[in-house]
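So you can see what is in the structure, the chains are spelled out below.
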Amino acid sequence: MSLQDQYNPGPQIAQCGGINLGTTDIEKSLWFFRDVLGMEEVERDGDVAYLRAYQELGHHSLVLTSQEENVVNSYSFRVKRAQDVELFAEELARQEIETVEVPAATEKGRGTAVRFLLPGGMHPFELYYDIDKPLAPEAIRSKLPSNSSRRRGLGVRRLDHFNIQTEPGTINEAESWVRETLGFKRREYAMLPENPTTVMASWMSVTPQVHDLAIVANRDELNGRLHHLAYNLENYADSLTAADVLQDLDVKIGVGPGKHGIGQAMYLYVFDPGSGHRVELYAGGYLVLDPDWEALKWEPVDFPEGMTWYGDPIDLKPGSNGRVTTGGAGLHRPTRVGA
C-alpha cells in the first residue's frame, strides 16, 4: 500500500461541474450559447439541451431547460472520488440538512447526485462524480486530444465559476459553511463597510483559481440569487473580440470589457437573450499555487479598484441584484425544478 493510499482526506470537491438554467426561450438561449459562444450541443432530450465548451471532455457543463420562468434550477459540483457523493450525503445527514438523491441519468450523461439547499443561501446545490465523456461528432472533433471539439464562435473554453448572492443576514453562515463543509478556501474577501463583521464578498476556490465560487451580500436583502455564471476565454484579446461581435449581434452588454483587481482577469458581462441570465466572459487571472496562501482582505477605500482595475466600473449599488434561484420545491423530488 502506498503512502497516498494510507491517507484519506475525506470527501472533497474537485471543481464546478455545471449549471441548469431555466429559459423561457430555449431557441434564443441555444443560439447564444451554441452558435455565438461556440459551445457544443451534446444532446437534446425534449425541452432540455446539454452543452459543453470546447475544452470540456465531460458530457456537459450547461443544461438549458425550457420552462415558464427564467430561474436557476441547480448548481452542480463534481467531487474527487466516487465514494465522496455518499460521504458528503452522510455529513449532510449528520448536520440535519435535508437532502434528496438525484438518480443517475436524471441529467443525461451524469451519475447519481445528492441535492440540498445551501445553508444560509438557499441555492440548490448538487454533488456528483460520474459523468460520461462522449466524443464530439467527427465534423467538429479536434485533432487535439485535450479538446473535445474544434474552437468555434467566440470560443469559450470551460465553465469558470459561479457568483451567487445571499442576504447580508445569512451570508456569514453560507460562506463559512462552504469553507468548513465543502472545503473551499477563501482567496480574497471584503467586509461590509457599515458592518465590518459581515462578509460583503468572498472569492473561494478548490482549484488553483482565485475563485470557483464567489458569494456576495445582496444589498436589497434578497436571498438565493445568481449574479452570474462565467465561461473562460483563452486570452485578454478574446474579451475585446467578444465585445465587438456581441455588440454587432445586438446581444445586451452589461459592463466591460474591463479588468478586475481581484483575481486580475478581464471581464465582459453580457446577458443570454433567451433567459436574461447574466454571463461573464472571463479571461486571464492569476493562479494560487502557495499551499500556505493567506486570504487577501480588501478595505473599503480600495475596494472599487478590486472590482475594476481599469475599464467600465461595475455597479455595486442596491438594485443590481441577480437572477432569482428556486430550489425549495425541487428539493423534495429527484427532478429539476420546473421539469
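Residues numbered from 1 in each chain as written. Predicted model: local features only at pLDDT ≥ 70, side-chain atom pairs only at ≥ 80, totals over all residues. Heavy atoms only, no water.

As a further point, take the overall build of the protein chain. When helices and strands are counted, the protein chain shows 7 helices and 19 strands. Here the protein chain has a C-alpha radius of gyration of 19 Å; the compact-globule value for 339 residues is 20 Å, and the two agree. Based on the C-alpha atoms only, the size of the protein chain along its principal axes is roughly 55 × 50 × 45 Å. Going through the 339 residues of the protein chain one by one, you find that 54% of them count as buried. (Helix = DSSP H or I, 4+ residues; strand = E, 2+ residues; numbered from the N terminus. Rg over C-alpha atoms; globule rule 2.2 N^0.38 Å. Buried < 20%, exposed > 50% of the residue type's maximum accessible area, 1.4 Å probe, protein only.)

Let's shift gears to the pattern of salt bridges. Applying the stated rule across the entire model yields 17 salt bridges. Notably, a salt bridge pairs R44 with E27, separated by 3.7 Å at the nearest N-O pair. With R44 in strand β2 (residues 40-45) and E27 in helix α2 (residues 26-36), this pair connects stretches of sequence that are 17 residues apart. On the basis of relative accessible area, R44 is assigned to the partly exposed category, the value being 38%. Ionic pairing is found between R94 and E91, a salt bridge with its closest N-O pair at 2.7 Å. Separated by 3 residues within a single helix, R94 and E91 lie in helix α3 (residues 83-94), roughly one turn from each other. A residue is classified by how much of its surface remains accessible, and E91, at 23% relative accessible area, is partly exposed. A network of salt bridges, in which partner residues are shared, links E27, R34, D35, E41 and R44. (Salt bridge = Lys/Arg side-chain N within 4 Å of Asp/Glu carboxyl O.)

Under the domain assignment used here, the protein chain contains domain 1 (4-128) and domain 2 (158-323). Each of domain 1 and domain 2 has a C-alpha centre, and these two points are 20 Å apart. Each side of the interface is counted separately: domain 1 has 45 residues, and domain 2 has 38 residues. A buried area of about 3100 Å², summed over both sides, lies between domain 1 and domain 2, and 73% of it is on carbon and sulfur atoms. The largest per-residue losses of area from domain 1 upon contact with domain 2 belong to C16, F32 and G120, which jointly make up 17% of the total buried on that side. The tally of links between domain 1 and domain 2 comes to 0 salt bridges. (Domains from an automatic or database assignment. Contact = heavy atoms within 4.5 Å. Buried area = accessible area lost by both parts, 1.4 Å probe.)

Further remarks concern the side chain of E56. Assignment of secondary structure puts E56 in the loop between β3 (48-52) and β4 (62-66). Of the side chains with opposite charge, R52 lies nearest to the buried E56, which makes no salt bridge, at 6.9 Å. Within the structure, the side chain of E56 is placed 2.7 Å from the backbone nitrogen of A53, a separation counted as a polar contact. Apart from residues no more than four positions distant in its own chain, E56 is found in contact with S61, S148, R157, R158, L159 and Y231. (Lys, Arg positive; Asp, Glu negative; His and termini not counted. Polar contact = N/O pair within 3.5 Å; in protein donor to acceptor, adjacent residues only side chain to side chain.)

The subject of this paragraph is the UniProt feature "domain: VOC" (unreviewed entry) in the protein chain. When the UniProt feature table is mapped onto this chain, "domain: VOC" (unreviewed entry) is found at residues 15-130 and 158-284. End-to-end, the C-alpha atoms of residues 15-130 are 13 Å apart, and along that stretch the chain is 20% helix and 41% strand. Secondary structure content for residues 158-284 is 20% helix and 50% strand, and the end C-alpha separation is 13 Å. (UniProt positions renumbered as here; feature names shortened; annotations may be inferred.)

What follows is about the side chain of Q165. The topology assignment puts Q165 in strand β9 (residues 158-166). With relative accessibility at 6%, the residue Q165 sits in the buried group. A distance of 2.6 Å separates the side chain of Q165 from the side chain of N218, its partner in a polar contact.

Now for helix α4 (residues 168-180). Taking 1.5 Å of rise per residue, 13 residues should cover 18 Å, and α4 covers 19 Å from first to last C-alpha, within 8% of that figure. If you check which residues of α4 are buried, you get P168, T170, I171, A174, E175, S176, W177 and V178. On its buried side, α4 packs onto α3, β7 (113-117), β9, β10 (185-192), β11 (195-205) and β12 (213-217). (Expected span 1.5 Å × (residues − 1).)

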